[in-house]
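# A look at the structure
The lines below spell out each chain.
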Amino acid sequence: MSLSRPQMPETGQHASGVSERLPSGQTAELFEVLTDQVGDDAWLRFRFLAPSISREHGTVSFAEAEADFEHLCTNIALPYMAHHQLKTDVVSIALLDQPAPFGATDESVTQFVDAFRVSTGACVWEDPW
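Remember, predicted model here, so these are calculated numbers, not experimental data.

About the thresholds
Residues numbered from 1 in each chain as written. Predicted model: local features only at pLDDT ≥ 70, side-chain atom pairs only at ≥ 80, totals over all residues. Heavy atoms only, no water. Phe/Tyr/Trp six-rings, centres within 6.5 Å; stacked < 30°, edge-to-face > 60°. Helix = DSSP H or I, 4+ residues; strand = E, 2+ residues; numbered from the N terminus. Buried < 20%, exposed > 50% of the residue type's maximum accessible area, 1.4 Å probe, protein only. Salt bridge = Lys/Arg side-chain N within 4 Å of Asp/Glu carboxyl O. Contact = heavy atoms within 4.5 Å. Polar contact = N/O pair within 3.5 Å; in protein donor to acceptor, adjacent residues only side chain to side chain. pLDDT = per-residue confidence, 0-100. Disulfide = S-S within 2.5 Å.

### Some details on the packing of aromatic side chains
Per the stated rule, a full pass over the model turns up three aromatic pairs. Both rings, one in Phe46 and one in Tyr80, keep their centres 5.3 Å apart while their planes meet at 90°; by these two values the pair is edge-to-face. Of the two residues, Phe46 is situated in strand E4 (residues 41–49) and Tyr80 in helix H1 (residues 62–84); the sequence distance between them amounts to 34 residues. Between Phe62 and Phe69 the ring centres are 5.6 Å apart and the planes differ by 40°, which places this aromatic pair in the tilted class. Residue Phe62 is classed as partly exposed on the basis of its relative accessible area of 34%. Accessibility expressed as a relative area gives 0% for Phe69, which makes it buried. Three or more aromatic residues joined by ring pairs make a cluster, and in this case those are Phe62, Phe69 and Phe112.

And the structure:
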């Protein structure tokens, strides 16, 4: 697995730090976009800070956050890909209650992840696991 960080725009709607109000009622902030190769598939990993999913003080469960994943894929990932002219096989959306390095194990971090294929300009849920 190799990771790289696409150049984030200096300003604009989809720059790092963009906040998005989600269907669950929580707010998430984009903090990292990574490219990755998993087997034959190219992945774009969009990582968002979402403090409301915290195990200790959170108010949003995975079930409540399910609609948030498609919302973020459609409203953040797809426009980001179009802006940067990126193609991918899989879009991964991760919600973390606090920043953590990708791939690191930290039991104090709550993380929810879902994945999508992009088909005819839409995010289609995929079970990559």
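### Things to note about the pattern of salt bridges
With the rule as written, the count across this model stands at three salt bridges. Between Glu32 and Arg47 there is a salt bridge, and its shortest N-O distance comes to 2.4 Å. In this pair, Glu32 sits in strand E3 (residues 27–38) while Arg47 sits in strand E4, placing the two residues 15 residues apart along the sequence. Here Glu32 matches Arg47 in class, with each residue buried. Measuring nitrogen to oxygen at the nearest pair gives 3.0 Å for the salt bridge that ties Arg117 to Asp41. On the criterion of sequence distance, the pair formed by Arg117 in strand E6 (residues 111–119) and Asp41 in strand E4 is long-range, its members being 76 residues apart. Exposure remark for Arg117: the relative accessible area of 27% places this residue in the partly exposed category.

### Quick notes on the environment of Pro99
Along the chain, Pro99 falls in the loop between strand E5 (90–96) and E6. A residue is classified by how much of its surface remains accessible, and Pro99, at 57% relative accessible area, is exposed. Sequence-wise, Pro99 and Glu32 are 67 residues apart; in three dimensions their C-alpha atoms are separated by 9.5 Å. Excluding anything up to four places from it in sequence, Pro99 contacts Phe31 and Leu49.

### Describing the side chain of Thr110
You can see Thr110 is positioned in the loop between E5 and E6. Overall, Thr110 belongs to the buried group, its relative accessible area being 6%. Among the polar contacts listed, one links the side chain of Thr110 to the side chain of Arg55, at a separation of 3.1 Å. Those residues within four positions of Thr110 in sequence are excluded, and the remaining contacts are Ile53, Ser54, Arg55, Leu95, Leu96 and Asp97.

### Observations concerning the environment of Asp106
Within the fold, Asp106 resides in the loop between E5 and E6. Reaching out from Asp106, the side chain makes a polar contact with the side chain of Ser108 at a distance of 2.6 Å.

### Structural notes on the confidence of the model for the protein
When the pLDDT values of the protein are averaged, the result is 84; 84% of them are 70 or greater. Considering only residues more than four positions removed or in separate chains, one finds that residues 1–15, a stretch of pLDDT under 50, has 44 contacts.

### As for the state of the cysteines
Considering all chains together, one arrives at one disulfide under this definition. Linked covalently through their sulfurs, Cys73 and Cys123 form a disulfide whose S-S length is 2.0 Å. As the torsion about the S-S bond is roughly -85°, the Cys73-Cys123 disulfide counts as left-handed. A residue pair is termed long-range when its members are at least 10 positions apart, and Cys73 in helix H1 and Cys123 in strand E7 (residues 122–126) qualify at 50 residues. Among the residues examined, Cys73 registers a relative accessible area of 0% and is labelled buried.

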